[in-house]
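# Residue-level structural notes
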Amino acid sequence: MISLENIHKTYRIGRERKVHALKGISETIHAGEFVAVVGPSGSGKSTFLAIAGLLERPTEGTVRFDGKDVTGLSDKERTRIRAEQCGFVFQFPSLIPTLNTLENVLLPKTLCRTYKKSDEEWGRNLLARVGLDDKLDNLPYQLSGGEQRRVALARALINKPDVIFADEPTGAVDEYNAIIIIELFKEWNAQGRTVIMVTHDMKLAAEAGRIIQLEQGRLKISI
Ligand SMILES: Nc1ncnc2c1ncn2[C@@H]1O[C@H](COP(=O)(O)OP(=O)(O)OP(=O)(O)O)[C@@H](O)[C@H]1O
Ligand SMILES: [Mg+2]
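Since the model is a prediction, treat every value here as computed from it, not as a measurement.

Here the focus is helix α3 (residues 101–112). Of all the residues in α3, the buried ones are Thr101, Leu102, Asn104, Val105, Leu106, Leu107, Pro108 and Lys109. Each element contacted by the buried residues of α3 is listed here: α4 (117–129) and α5 (145–157). Where α3 begins, the capping side chain belongs to Asn100, and its oxygen is found 3.1 Å from the backbone nitrogen of Leu102. Looking at the residues trailing α3, positive phi occurs at Arg113, about 55°.

In structure tokens form, the structure reads like this:
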């Protein structure tokens, strides 16, 4: 489903400095896999996820999505693939402060102008799953950090994505809520959808079907 071929990513900082965040990564993630991406801070996990999820372009190398080379597609085409097939849970929840819980969850739909009445039902359903059905009208500042993360999780699923990209989805979440999140991913995965999750927590990584370990921008192990 997603294949990365010899991916390099170099970030420039000012004129002089460069950071080689990824140094020649080749990896294929098949449809229906649940993959955990682990490694020390700064090893390139978020960069890997951003490139696989078509949020960033590699400096060198090829990204294929559903067999198609998407590296050189226009921003518009890449955005369309993301909107139709991908769901993202970022390292920080990034909710819109002026929208309430349900509106934040429905945002990907309203942005794509594909909003239907049944979407609202699905949004309410997802929020119930993450234990927030009594907080539909709250604005983000009226939610705890863990609750905001769960809103972001429901938002990632609103489009019924083929692939979920999750960056530390259980960071700053208590153990009970971490289990809710993982169970939701496992259920989603059991329906044949793909989950790619970055985590520091080896116990959570063990829940995935496969572990990709990065170290200093290189693939250390893929098991
Ligand atoms: N936009 C950017 N501009 C410059 N350097 C960046 C940028 N994003 C990441 N980096 C650098 O690239 C390297 C890899 O960063 P990345 O965020 O992928 O690591 P990570 O494994 O996700 O770390 P963490 O576990 O702390 O989230 C780091 O050295 C980081 O400082
Ligand atoms: Mg990161």
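After that view, the rundown keeps rolling.
Looking now at the UniProt feature "domain: ABC transporter" (unreviewed entry) in the protein. According to UniProt, the "domain: ABC transporter" (unreviewed entry) feature falls on residues 2–223. Across residues 2–223 one finds 35% helix and 28% strand; the C-alpha atoms that close the span lie 17 Å apart.

Moving on, we come to the packing of α3 against α5. Where α3 meets α5, the axes come as close as 7 Å, and the angle between the chain directions of the two elements is 35°. As α3 runs across α5, the sense of the crossing is right-handed. Along its contact with α3, which presents Thr101, Asn104, Val105 and Pro108, the element α5 presents Val151, Ala154 and Arg155. Residue composition of the contact of α3 with α5, by class: four nonpolar, two polar and one charged.

Here we come to the packing of aromatic side chains. Tallied over the full model, the rule gives three aromatic pairs. Between Phe88 and Phe165 the ring centres are 5.2 Å apart and the planes differ by 15°, which places this aromatic pair in the stacked class. Of the two residues, Phe88 sits in strand β6 (residues 86–89) while Phe165 sits in strand β7 (residues 163–167), which places them 77 residues apart along the sequence. Like Phe88, the residue Phe165 is buried in the burial classification. Aromatic side chains Trp122 and Trp188 sit 6.1 Å apart centroid to centroid with 25° between the ring planes, which places their arrangement in the stacked category. Within this pair, whereas Trp122 is found in helix α4, its partner Trp188 is found in helix α6 (residues 175–190), the two being separated by 66 residues in sequence. Just as Trp122 is buried, Trp188 falls in that class too.

Thresholds applied
Residues numbered from 1 in each chain as written. Chains lettered and ligands numbered in written order. Predicted model: local features only at pLDDT ≥ 70, side-chain atom pairs only at ≥ 80, totals over all residues. Heavy atoms only, no water. Buried < 20%, exposed > 50% of the residue type's maximum accessible area, 1.4 Å probe, protein only. Helix = DSSP H or I, 4+ residues; strand = E, 2+ residues; numbered from the N terminus. Contact = heavy atoms within 4.5 Å. Polar contact = N/O pair within 3.5 Å; in protein donor to acceptor, adjacent residues only side chain to side chain. UniProt positions renumbered as here; feature names shortened; annotations may be inferred. Axes fitted to C-alpha atoms, helices over the stretch in contact; angles between N-to-C directions. Left-handed = near helix turned anticlockwise from the far one by under 90°. Nonpolar A, V, L, I, M, F, W, Y, C, P; charged D, E, K, R; others polar. Phe/Tyr/Trp six-rings, centres within 6.5 Å; stacked < 30°, edge-to-face > 60°.

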